[in-house]
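If you want the building blocks of each chain, they are given just below.
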Amino acid sequence: MPQPPGPVLTLVVAIFALFSIGIPILAVALAIIGLALSNRLFRVAKDEGTKAPKLAWAARILCILAVVGTTTLIVLAAPIALGL
């Protein structure tokens, strides 16, 4: 099994997801990728019997914030887009 990308790359993807909240398709895609990478880092750390890197935790939190923020903006913009 190939090694997962490092925690720094995972955090960078999460930061890009958070900063691209205004572009929903990009933010959600990057957040899903960031969550998958952080989950893989957690799984590798568990298999090795070590603690998960703190950057993986930070990436997971930022990805969840990106998904929640994007969803909130979509819900708030829906009435305007529908002309209600």
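Note that this is a predicted model, so its numbers are computed, not measured.

Student: In this structure, what is going on with the nonpolar core? I would like to understand it.
Tutor: A general trend in soluble globular proteins is that nonpolar side chains are found buried together. One finds Leu11, Val13, Ala14, Ala17, Leu30, Ala31, Leu37, Ala59, Cys63 and Ala66 forming the largest nonpolar core, which totals 10 residues. Counting residues per element, the ones that place at least two in this core are helix H1 (7-19), helix H2 (24-48) and helix H3 (54-81). Looking at which element gives the most residues to this core, the answer is H1, with 4 residues. With residues near it in sequence (within four places) discarded, Leu30 still touches Val13, Phe16, Ala17 and Ser20. With 5 residues, the next largest nonpolar core counts Leu41, Phe42, Ala45 and Ala52 among its residues.

Student: For this particular structure, what's the right way to read the packing of H1 against H2?
Tutor: A pair of packed helices can be characterised by two numbers: the angle between their axes and the separation between those axes. Two numbers describe how H1 lies on H2: the axes approach to 8 Å, and their chain directions differ by 155 degrees. The angle between the axes of H1 and H2 places the two elements in the roughly antiparallel class. Considering how the two elements wind past one another, H1 and H2 form a crossing that is left-handed. Contacts between H1 and H2 pair Pro7, Thr10, Val13, Phe16 and Ala17 from the former with Ala27, Leu30, Ala31, Ile33, Gly34, Leu37, Ser38 and Leu41 from the latter. Of the residues assigned to the contact of H1 with H2, the class counts are 10 nonpolar, 3 polar and no charged.

Student: How should I be thinking about the environment of Val8 in this particular structure?
Tutor: Within the element layout of this structure, Val8 appears in helix H1. Under the relative-accessibility criterion, Val8 is labelled exposed at 54%. As a C-alpha pair, Val8 and Lys46 span 38 residues in sequence and 18 Å in three-dimensional space.

Reading guide: rules and limits
What you see as residue numbers is a count from 1 along each chain, following the sequence as written. Note on the predicted model: pLDDT of at least 70 is required for a residue's local features to be given, and 80 or more for side-chain atom pairs to be given and counted; whole-chain, interface and lining totals, by contrast, use all residues. With hydrogens and water stripped out, all remaining heavy atoms of the structure feed into the side-chain values. Put simply, a nonpolar core is a bunch of buried Ala, Val, Leu, Ile, Met, Phe, Trp, Tyr and Cys residues held in one set by side-chain atoms that sit within 4.5 Å of each other. Only protein chains enter the accessibility calculation, which uses a 1.4 Å probe. A residue is then buried if its area is under 20% of the maximum for its type, exposed if over 50%, and partly exposed in between. Helix and strand assignments come from DSSP, with helices taken as H or I runs of at least 4 residues and strands as E runs of at least 2, each series counted from the N terminus. Contact criterion: two residues are considered in contact whenever any of their non-hydrogen atoms come within 4.5 Å of each other. Inter-axis angles, ranging from 0 to 180 degrees, are taken between N-to-C directions of lines fitted to C-alpha atoms, where helices are fitted over the stretch in contact. An angle below 35 degrees is treated as roughly parallel, one above 145 as roughly antiparallel, one from 65 to 115 as roughly perpendicular, and anything else as oblique. Left-handed describes a crossing in which the near helix is turned anticlockwise from the far one by less than a right angle; the clockwise case is right-handed. When residue character is reported, Ala, Val, Leu, Ile, Met, Phe, Trp, Tyr, Cys and Pro are called nonpolar, Asp, Glu, Lys and Arg charged, and the others, Gly included, polar.

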